[in-house]
Amino acid sequence: MKTRIRIQPEEFDMNAEIAALTESGDAGAVASFTGHVRKEGDLSTLTLEHYPHMTEAEIERLVRQAGSRWPLTGVTVIHRIGSLPPGARIVLVAVASEHRQAAFQACEFLMDFLKTHAPFWKEEDRGGKKHWVEHHAGDDDAARRWKK
Amino acid sequence: MKTRIRIQPEEFDMNAEIAALTESGDAGAVASFTGHVRKEGDLSTLTLEHYPHMTEAEIERLVRQAGSRWPLTGVTVIHRIGSLPPGARIVLVAVASEHRQAAFQACEFLMDFLKTHAPFWKEEDRGGKKHWVEHHAGDDDAARRWKK
Amino acid sequence: MTLLYFAWLRQKIGKSMEEITPPPGIATVKDLIAHLQTLSPAHAEAFADHSRIRAAVNQHHAGLDAKIAAGDEIAFFPPVTGG
Amino acid sequence: MTLLYFAWLRQKIGKSMEEITPPPGIATVKDLIAHLQTLSPAHAEAFADHSRIRAAVNQHHAGLDAKIAAGDEIAFFPPVTGG
């Protein structure tokens, strides 16, 4: 399984990322997820902080788990950090497999655990007032359903 | 719900398609699927034929069904036709929603029904010998699970 | 009535489209297939195995028992393989 | 022992990192939090509500009862909000 994990301030190129996952030709299916900064009233920027090294280590652990549950040929996770404007892309999780069900399930699994396990924190700036985004309890439920 | 359905020989630009789905700023989540021509031994090209007009009409019906089942903000379906080389992208289904579970489920639903309902046929050229790809019975089972 | 053929059905029959006026009593897709099998050896071969054929009436998927009428667009094709 | 703080914990405590040598008897994350609360009013406030704090020991998520030892890297942060 080809694994590519990057934490970066820069935008990413989906065409290039999907091409990298399929260039070997063994995957017929790629399921992807992108998370975006929503445009909301007075939201001017969303700033992402993370725990360097642990972030990469934790995502690697999650990707290994996904690879042991589903027959995957490649996984790419890119998470942006720093200040992002409304409309910006925050995260890409792309999963390649011979089978589309495996690709979809592994992609959703990775997103659910990224939301609950990867050490990132979002701070919103709304009209000059900053506050830390609260963890969403629904995300814990989403991650829990994979235990069964 | 913003709907965009295109049947075309040309390659598509995932960055542009995802940006079009999120430019309004109401979607925080986009689940996408791309299907690719696998590189297999002597496979030289895969040629896709379709039923003009019915293809678009059928995909529109499927997208409407998805929109009535999940709270979606936009759906883009692009399916290529004509002769494609190994490694080429065949199809893109991208679904935007405020909620990632809705986006994932609707994307998988659309792929399952595209595989069983959209009038496309694939012909493989293997070392000069052409043959029509057989419908995969597993795809019917995949579509059937959404009836419940 | 306009008939459309796709994929190997088109190849076996040797055309992608034909206009026909079926004889009286042809009320369903199944009746139409039985009639088409009498048109030529190529039609007979193409429609030999019903289980390998799917139909659409006016661009909607239709079963063998679907009703058909003059002016309809009827398409025949193998099970789909897109995506 | 290296301590790391993230998000509002970092802001409340006023630093992202500190090196400490805890007194004897500090065996778990929970013990460490109790000790940290005695270091300054800022620490006391930051660690006031245990339910809002998560920890990692050597870059693995850890519960309050997780064992800790000299030389460990212990991080404290709010529940994560990435993705």
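Everything discussed here concerns the structure shown above.
A. A look at the relation of the copies chain B and chain A. You can overlay chain B on chain A at an RMSD of 0.0 Å; the transform is a turn of 180° with a shift of 0.0 Å along its axis. Taken together, the turn and the small shift mark the pair as related by a two-fold rotation axis. Residue Ser32(B) of chain B places its C-alpha closer to the rotation axis than any other residue of that unit, at 2.5 Å. By residue overlap, the copies meet face to face through one surface: 100% of the interface positions of chain B are interface positions in chain A.

B. Spatial organisation of the pattern of salt bridges. Within this structure, the stated rule accounts for 39 salt bridges over all chains. In this structure, the salt-bridge partner of Glu11(A) is Arg89(A), at a minimum N-O distance of 3.3 Å. Of the two residues, Glu11(A) sits in the loop between strand S1 (2–8) and helix H1 (14–22) while Arg89(A) sits in strand S6 (residues 89–97), which places them 78 residues apart along the sequence. Glu11(A) gets classed as partly exposed once you look at its relative accessible area, which sits at 43%. What makes Arg89(A) buried here is its relative accessible area of 8%. Lys12(D) is paired through a salt bridge with Glu45(D); the nearest N and O atoms lie 3.1 Å apart. Highlighted residues: Lys12(D) in helix H1 (residues 7–13) and Glu45(D) in helix H3 (residues 41–46), separated in sequence by 33 residues. Connected through shared salt-bridge partners, Arg38(A), Glu40(A), Asp42(A), Glu124(A), Arg126(A) and Glu98(B) make up one network.

C. Here's a closer look at the sheet that holds strand S7 (residues 120–126) of chain B. Residues and elements named next belong to chain B. Sheet architecture is open: 4 strands sit in the order S5-S3-S7-S8, paired in antiparallel fashion. On the outer flanks of this sheet lie strand S5 (82–84) and strand S8 (129–132), each paired with one strand and no other. Neighbour-to-neighbour, the strand axes of the sheet open up by a mean angle of 25°, direction not taken into account. For strand S3 (residues 43–50) and S7, the ladder comprises 7 bridges, and the chain directions are antiparallel. For Glu49, the partnering residue across the bridge sits in S7 and is Trp121.

Conventions we followed
Residues numbered from 1 in each chain as written. Chains lettered and ligands numbered in written order. Predicted model: local features only at pLDDT ≥ 70, side-chain atom pairs only at ≥ 80, totals over all residues. Heavy atoms only, no water. Least-squares fit on C-alpha atoms with pLDDT ≥ 70 in both. Contact = heavy atoms within 4.5 Å. Salt bridge = Lys/Arg side-chain N within 4 Å of Asp/Glu carboxyl O. Helix = DSSP H or I, 4+ residues; strand = E, 2+ residues; numbered from the N terminus. Buried < 20%, exposed > 50% of the residue type's maximum accessible area, 1.4 Å probe, protein only. Pairing = 2+ DSSP bridges. Axes fitted to C-alpha atoms, helices over the stretch in contact; angles between N-to-C directions.

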